Amino acid sequence: MDGLWLLRHGALPPNPQRRFVGAREIALSDAGREQVRRAARALLAECGVAQAGPVMRPVPERADMPGPVTAVAGGPATLPRRIVCSDLGRCRESAALVREVFRGYGHDVDIFPDAALREISLGGWEGLTVAEVEARWPGSHAARGAAMADFTPPGGESFAGVQARAVACVERWRSRFSGECLLLVSHAGVLRTLLCHWLALPLREVMRVPQHYACRMWLPSWPEGRSPLQA
């Protein structure tokens, strides 16, 4: 038994001004909680434990975006026995909701919060709009887009730094629970960096990896010993 599930937390309250979230504490919305419950039931179905029931479109991040899709790579998925989640509240709650659904089908799991799965810190950008960022740090938003792997907002961190801590986190927990299937519950930025690592994609492509609310992916293996690619 091995493998790794990735799950993004559910939807947050509406953010019509598109203010940067980063590592701020923002609770799930009611719609986000239901997204996670549906994702948990569908995950069980993919592992042969329960039927997912009728297909229901989760609430997208924006009205013009498609709902989440599931990618299951490399054959039958394995039922996770442990959940490792970001220590931010939206992921801790998502993990608890998954456990609640699992318990309803007779499958219990332990939850382990870990700050190494926390969302990328955007430092002074957090809570601001793009226009406000540009007013305070002219040209910085475009500079980030041109150097997505290594750009660091004031007081924040880069995607390269996030990937390094997230990959180390995965390998630490896989070593602790060797041979067991784990479920990681984290954030879009963190999960994008992990998928770049798994797919051997350079981090300049990080924002091209889709990560809708409550989307999930099954990874049947993990690239042990591979150094993260940053170019």
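Scroll up to find the structure.
Each chain carries its own residue numbering, running from 1 in the written order of its sequence. Predicted model: local features are reported for residues with pLDDT of at least 70 only, side-chain atom pairs are reported and counted for 80 or more only, and whole-chain, interface and lining totals are derived from all residues. Note that the side-chain values use all heavy atoms of the structure and ignore hydrogens as well as water.

On to the overall build of the protein, then. Looking only at helices and strands, the protein features six helices and six strands. Secondary structure elements of the protein occur, N-terminal to C-terminal, as β-α-β-β-α-β-α-α-α-β-α-β. Exposed residues in this analysis have more than 50% of their type's maximum accessible area, buried residues have under 20%, and partly exposed residues fall in between, with area computed by a 1.4 Å probe over protein chains only. Evaluated residue by residue, the protein yields a buried proportion of 50% over its 231 residues. Roughly 10,400 Å² of accessible area belongs to the protein as shown, and the carbon and sulfur atoms make up 53% of that amount. Where helices and strands are cited, they refer to DSSP runs of H or I of at least four residues and of E of at least two residues respectively, numbered from the N terminus. The Shrake-Rupley method, run with a 1.4 Å probe sphere, supplies the accessible areas, and residue values consider only the shown protein chains as cover.

Further remarks concern helix H2 (residues 89-104). Residues spaced three or four apart along an α-helix face the same direction, because each turn holds 3.6 residues. Here H2 contains 16 residues, and its C-alpha end-to-end distance of 23 Å stays within 8% of the 22 Å for a straight helix at 1.5 Å per residue. It only takes one pair of heavy atoms within 4.5 Å for two residues to be counted as in contact. Those residues of H2 hidden inside the fold are in contact with strand E1 (4-8), helix H1 (30-46), strand E3 (82-86), strand E4 (110-114) and strand E5 (182-186). Just beyond H2, the residue with positive phi is Gly 106, at close to 80°. In a helix, the anticipated span is given by 1.5 Å times the number of residues less one.

Close contact between H1 and H2 brings their axes to 9 Å; oriented N to C, the two are set at 45°. Comparing the axis directions of H1 and H2 gives the class oblique. In this structure, H1 meets H2 at a crossing whose hand is right-handed. Packed against H1, whose contacting residues are Arg 33, Val 36, Arg 37, Ala 40, Arg 41, Leu 43 and Leu 44, the element H2 presents Glu 93, Ser 94, Leu 97, Val 98, Glu 100, Val 101 and Phe 102 at the interface. Amino acids outside the nonpolar list (Ala, Val, Leu, Ile, Met, Phe, Trp, Tyr, Cys, Pro) and the charged list (Asp, Glu, Lys, Arg) are all regarded as polar, and Gly is one of them. Looking at the contact of H1 with H2 residue by residue, the class counts come to eight nonpolar, one polar and five charged. Every axis in this analysis is a line fitted to C-alpha atoms, fitted for helices over the stretch in contact. Angles between the N-to-C directions lie between 0 and 180 degrees. Each angle receives one of four descriptions, namely roughly parallel if under 35 degrees, roughly antiparallel if over 145, roughly perpendicular if within 65 to 115, and oblique otherwise. Crossing handedness is defined as follows: a turn of the near helix away from the far one that is anticlockwise and smaller than a right angle gives a left-handed crossing, while the clockwise case is right-handed.

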